[in-house]
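Coordinate inspection notes
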Amino acid sequence: MKKILALAALSLSITLVPFTASAHGPSPQKVEKTVTIKADPAKVWAIVKDFGNIHGWHPGVASTKVEKKGEDTFRTLTFKDGGHVYEKLRGIDDASMKIKYEIIEGTLPLTDYNATMTVEKGEKAGETKVTWMGRFYRLYKLNPPIPEGQDDATAVKAIEGIFDSGLANLQKVAEGSK
């Protein structure tokens, strides 16, 4: 009788394991891009840390609207293609030249987006290294099948496009206004 109960308990535990192991959802995604700019770090940092002026250097942003709610700062970016995002500033650290922000809502094909931009001295005198890093999840948070346009590849491609065009133009703006 004890053997039968032991086998029944083992059988039950084996049956339950696959149900808990398969319900994991999407994996976090990360995009990190870096550019070297021939300009002084303090000059580049002054451009990057201006939370309300991303439209001044990012070619995809048509306008920026900044608002304060208590101690928090938010911005609404309107893209030239008609999309938008509403972002919250998480912090600006002048000592380490790092800005952190998150997307609260928007039209990008992703969710739970958090990013940092870091400005640091480059390898050569008069150079600056800017690193833009974002972590996020695809838009569709359930397990497959995943609807077209809501997958990991679409989310990564969107952020890579934003980072690539933004950093390239940041370089032009910083180097061009010497």
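Note that the coordinates shown come from a computational prediction; the quantities given were computed from them, not determined experimentally.

Looking only at helices and strands, the protein chain has three helices and seven strands in total. Going residue by residue from the N terminus, the α and β elements of the protein chain occur as α-β-α-β-β-β-β-β-β-α. Burial statistics for the protein chain: of 178 residues in total, 34% are counted as buried. Within the protein chain, residue pairs in contact and separated by at least 24 positions form 50% of the contacts whose partners lie at least 6 positions apart. Surface exposure of the protein chain reaches about 10,500 Å², of which carbon and sulfur atoms provide 56%.

Here we come to the packing of aromatic side chains. For the structure on display, the rule yields five aromatic pairs. What links up through ring pairs into an aromatic cluster is the set Trp-57, Trp-132 and Phe-163. Over the face of the ring belonging to Phe-74 we find Lys-69, whose NZ or CZ atom lies 5.3 Å from the ring centre. When the ring centre of Tyr-137 is taken as reference, the NZ or CZ atom of Lys-141 above it lies at 5.8 Å.

Tyr-113, Met-117, Val-130, Trp-132 and Leu-170 are the most contacted members of the largest nonpolar core, which totals 36 residues. In terms of residues, this core owes the most to one element, helix H3 (residues 152-176), which gives seven residues.

A word on the environment of Ala-62. Counting through the fold element by element, Ala-62 comes out in strand E2 (residues 61-69). Along the sequence, Ala-62 and Asp-81 sit 19 residues apart, while their C-alpha atoms lie 8.6 Å from each other. In this view, Ala-62 contacts His-55, Thr-78, Phe-79 and Lys-80; residues no more than four positions away in its chain are not counted.

The strand order E1-E7-E6-E5-E4-E3-E2 describes an open sheet built from seven strands, whose pairing is antiparallel. Looking at the sheet topology across the chains shown, the edges are occupied by strand E1 (29-37) and E2. Averaged over all pairs of adjacent strands, the angle between their axes in this sheet comes to 20°, without regard to strand direction. Examined bridge by bridge, E2 and strand E3 (residues 72-79) share eight bridges and lie antiparallel to one another. If you follow Val-66 over to E3, its bridge partner there is Arg-75. Across the sheet, helix H2 (residues 41-48) lies against E1, strand E4 (84-93), strand E5 (98-106), strand E6 (110-121) and strand E7 (128-138), angled at about 155° from E6, the strand it touches most. Lying on the sheet, H3 is in contact with E1, E6 and E7; it crosses E1 at an angle near 15°.

Glancing now at the pattern of salt bridges. Scanning all chains against the criterion turns up nine salt bridges. We note a salt bridge from Asp-94 to Lys-49, for which the minimum N-O separation is 3.1 Å. With a gap of 45 residues between them, Asp-94 in the loop between E4 and E5 and Lys-49 in the loop between H2 and E2 connect regions that are remote in the sequence. A relative accessible area of 44% places Asp-94 in the partly exposed class. For Arg-138, the salt bridge goes to Asp-152, with nearest N and O atoms at 3.8 Å. Separated by 14 residues along the polypeptide, Arg-138 in strand E7 and Asp-152 in helix H3 bring together distant segments of the chain. Given a relative accessible area of 5%, Arg-138 falls into the buried group.

What counts, and where the lines are drawn
Residues numbered from 1 in each chain as written. Predicted model: local features only at pLDDT ≥ 70, side-chain atom pairs only at ≥ 80, totals over all residues. Heavy atoms only, no water. Helix = DSSP H or I, 4+ residues; strand = E, 2+ residues; numbered from the N terminus. Buried < 20%, exposed > 50% of the residue type's maximum accessible area, 1.4 Å probe, protein only. Contact = heavy atoms within 4.5 Å. Areas by Shrake-Rupley, 256 points an atom, 1.4 Å probe, with all protein chains shown as cover. Phe/Tyr/Trp six-rings, centres within 6.5 Å; stacked < 30°, edge-to-face > 60°. Lys NZ or Arg CZ within 6 Å of the ring centre and 35° of its normal. Core = buried A, V, L, I, M, F, W, Y, C linked by side-chain atoms within 4.5 Å. Pairing = 2+ DSSP bridges. Axes fitted to C-alpha atoms, helices over the stretch in contact; angles between N-to-C directions. Salt bridge = Lys/Arg side-chain N within 4 Å of Asp/Glu carboxyl O.

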